[in-house]
Amino acid sequence: MEAALIIFALMVLFTFLGLGVYATVKVVQATKRGVDRTITQARRTVEDTTLRAKSFGQVGVTGALAQLRLDLRTSMRSTQQALHEGVRLDASLRESIALFEQLSAHGHELDGELKRLEQDPDRKRIAERLPDLRERTAKITQASDSLRWAARDRASRFAEDDLSALSAQIEMESGALRDWSPESVDHLAAAAAEWDAAQQGRQTQQREQPRKAALNPAAPAPDYPWQKTRRPESTT
């Protein structure tokens with residue numbers, strides 16, 4: 001018996017230890033994801049700030065490449081945020097997200113190429129490629145903008161339809177609350193008069209019941225065979 005209790009206690013102890021280790025691992029992983037997300041966001045902010053500075057402060061090939069990267073990243077990030085926020089309310093946007101992920105692959109490839117060209121010293125050759133790079137950037141950003149605005153238009157249309165239905169329901173309820181037409185007033189008056197007449201009739205019936213009882217005294221109770229015979233009164 002003691003051995004069984006010891007084994008049971010050890011099993012409970014190991015279970016709690018396992019749960020503690022599992023919870024600790026989950027906390028560490030969540031913390032790591034939060035730190036990684038913060039670092040990624042900070043790196044992205046620094047890179048975007050650098051690109052803005054290059055696009056405004058430098059001319060020629062360097063400024064053009066920076067502007068292309070900035071346009072591409074801004075469009076793709078805005079579309080990604082709009083789609084992931086919209087899918088919480090509209091599950092049909094999952095198909096749009098799948099298309100955007102395919103588009104993102106082309107966007108990442110172009111962004112990496114533009115970033116490598118920023119370090120290339122052959123400015124003349126890069127300048128020759130700028131028309132093609134602008135065309136590719138325009139195709140990706142136009143497709144990204146189209147998805148983003150379609151998702152926003154869809155959300156706006158749903159909101160307008162919901163508001164229209166709610167407004168119509170409120171108008172109907174408001175009309176019902178203001179319905180004090182003569183017919184409704186007469187109906188209420190008739191119901192009130194009927195209730196008063198019923199109350200008066202009930203009170204009159206209650207007053208007449210004692211009078212009838214006095215005029216018609218109750219008959220003597222009959223004798224039943226199972227009742228005891230009354231004892232004769234004693235005589236002297």
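A brief structural summary. (Residues numbered from 1 in each chain as written. Predicted model: local features only at pLDDT ≥ 70, side-chain atom pairs only at ≥ 80, totals over all residues. Heavy atoms only, no water.)

## As for the side chain of R148
Within the secondary structure, R148 sits in helix 4 (residues 123–177). In terms of polar contacts, R148 uses its side chain to reach the backbone carbonyl oxygen of S75, at 3.3 Å. Other than its neighbours up to four places away in sequence, R148 contacts S75, S78, T79 and A82. (Helix = DSSP H or I, 4+ residues; strand = E, 2+ residues; numbered from the N terminus. Polar contact = N/O pair within 3.5 Å; in protein donor to acceptor, adjacent residues only side chain to side chain. Contact = heavy atoms within 4.5 Å.)

## A short note on the pattern of salt bridges
The tally for this structure, following the rule as stated, stands at nine salt bridges. Of the charged contacts in the structure, one is a salt bridge between E135 and K139, with a shortest N-O distance of 3.8 Å. Here E135 pairs with K139, and both are found in helix 4, just four residues apart, close to one helical turn. Salt bridges here are not isolated pairs; linked through shared partners, they connect R69, R73, D111 and E118. (Salt bridge = Lys/Arg side-chain N within 4 Å of Asp/Glu carboxyl O.)

## Observations concerning helix 4
Taking 1.5 Å of rise per residue, 55 residues should cover 81 Å, and helix 4 covers 76 Å from first to last C-alpha, within 8% of that figure. When the local axis directions of helix 4 are compared, the greatest deviation, roughly 45 degrees, occurs at R129, which is followed within four positions by the proline P131. All of the buried residues along helix 4 are I126, L130, L133, T137, I140, T141, S144, L147, R148, A151 and S174. The inward-facing, buried residues of helix 4 contact helix 2 (61–86) and helix 3 (93–118). (Expected span 1.5 Å × (residues − 1). Bend = angle between axes of the 7 residues up to and from the residue. Buried < 20%, exposed > 50% of the residue type's maximum accessible area, 1.4 Å probe, protein only.)

Remember that the coordinates give geometry; whether it matters functionally is a separate question.
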